[in-house]
Every structure is written in structure tokens, then in C-alpha cells.
Amino acid sequence: MTLEHIGLNVAEPEKVMTWWCENLGFTRTHPVFIVDSSGRMALEFYHNYKAGINDFPVVDPNTLHIAFTSEDTEADAARLVAAGATLVETIHREGFDMAMLRDPFGIPVQFVKRANSILLK
């Protein structure tokens, strides 16, 4: 099995997708889908009135976050803060750098640099 996408029910999908494309390098491929720069992973942002909207601003980032690899977590975090994100915390220890943020809509975003990748490829 290969992961295709993760779907998130949000209040303002158009605004979320535009911000993610402008600031995180995604490309819009469909009315509700954006694809990362690898072209292999998509996020779906939609608003389903029948389901409850995720209250991302109050969700602890340790419960849910969307993580990106980064060569420079501090620079990437500063770039997102300048674009309207909020810095939650940073961690720096040998072999691991992390910055946790919230995008302007409260969605937790993590930048991580690891000495040893958790991925198989």
C-alpha cells in the first residue's frame, strides 16, 4: 500500500490551499487537492457541513501535525512566521532539529531535520 493523501475538514479550504501552495511549495491539482513538491503525496482540504470542522487551533500539535523534512528548520520556521504562521516550539539536539508551528488557520506544521531518516527510501 502507498499513502495517497490525507483529508482535512477545514472552515476555509480555498484560503488554506492558497497559503500552503504559496508558502510550502504545494501545487493545486484538483478543486480540493494539493500535491507536495515530490509529486507523491497529496493533501485534501474540504469543508463538509455534515461533519464537524476540526478545531485545529486548540488541537495539541503532539496529537496531530503535518511534518516536512528541512535542511534548516530555523530558516524555514522564520519564513513561515513572516507569512503569518505562529511558532510553537523548537527543539535542537544532536542529530535532530525540529520547529513546530501553526499555519494561519491553526493547522500544526512541523519542520524536522534528522541525522538518520525515518523513511526507507
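Right, let's walk through the structure included here. (Residues numbered from 1 in each chain as written. Predicted model: local features only at pLDDT ≥ 70, side-chain atom pairs only at ≥ 80, totals over all residues. Heavy atoms only, no water.)

## Some words on the pattern of salt bridges
And then number 1: As enumerated under the stated definition, the model contains 3 salt bridges in all.
And then number 2: In this structure, Lys-15 engages Glu-12 in a salt bridge whose closest nitrogen and oxygen atoms are separated by 3.0 Å.
And then number 3: Here Glu-12 falls in the partly exposed class, since its relative accessible area comes to 37%.
And then number 4: Between Glu-14 and Arg-28 there is a salt bridge; the shortest N-O distance is 2.7 Å. In this pair, Glu-14 sits in helix α1 (residues 13-24) while Arg-28 sits in strand β2 (residues 27-30), placing the two residues 14 residues apart along the sequence. (Salt bridge = Lys/Arg side-chain N within 4 Å of Asp/Glu carboxyl O. Buried < 20%, exposed > 50% of the residue type's maximum accessible area, 1.4 Å probe, protein only. Helix = DSSP H or I, 4+ residues; strand = E, 2+ residues; numbered from the N terminus.)

## Here's the deal with the nonpolar core
And then number 1: Counting 22 residues, the largest nonpolar core has Trp-20, Leu-24, Phe-45, Phe-68, Leu-80 and Ile-107 as the members making the most contacts within it.
And then number 2: Residue assignment for this core shows that the elements contributing at least two residues are α1, β4 (42-46), β5 (66-69), α2 (73-82), β7 (96-102) and β8 (108-114).
And then number 3: For this core, the element with the most residues is α1, which contributes 5 residues.
And then number 4: Every residue in contact with Leu-24, bar those within four places of it in the chain, is listed here: Trp-19, Phe-68, Leu-80 and Phe-111. (Core = buried A, V, L, I, M, F, W, Y, C linked by side-chain atoms within 4.5 Å. Contact = heavy atoms within 4.5 Å.)

## Considering the sheet that holds strand β3 (residues 33-35)
And then number 1: Spatial strand order, β1-β4-β3-β2: 4 strands in an open sheet with mixed pairing. Lying at the two open borders of the sheet, with one neighbouring strand each, are β1 (5-9) and β2. On average, each strand axis in the sheet is tilted by 30 degrees relative to the strand beside it, whichever way the strands run.
And then number 2: Its contacts with the sheet put α1 on β2, β3 and β4, and the angle it makes with β4 is roughly 150 degrees. (Pairing = 2+ DSSP bridges. Axes fitted to C-alpha atoms, helices over the stretch in contact; angles between N-to-C directions.)

## Concerning α2
And then number 1: Of the positions making up α2, those classed as buried are Thr-73, Asp-76, Ala-77 and Leu-80. Along the axis of α2, the buried residues cluster in a sector spanning 100 degrees; they form a single face. In α2, the exposed positions angled more than 90 degrees off the buried face are occupied by Glu-74 and Ala-82.
And then number 2: The N-cap residue of α2 is Asp-72: its side-chain oxygen and the backbone nitrogen of Glu-74 are 3.3 Å apart.
And then number 3: After α2 finishes, the residue Gly-84 shows a positive phi value of roughly 110 degrees. (Arc of directions from axis to C-beta. Polar contact = N/O pair within 3.5 Å; in protein donor to acceptor, adjacent residues only side chain to side chain.)

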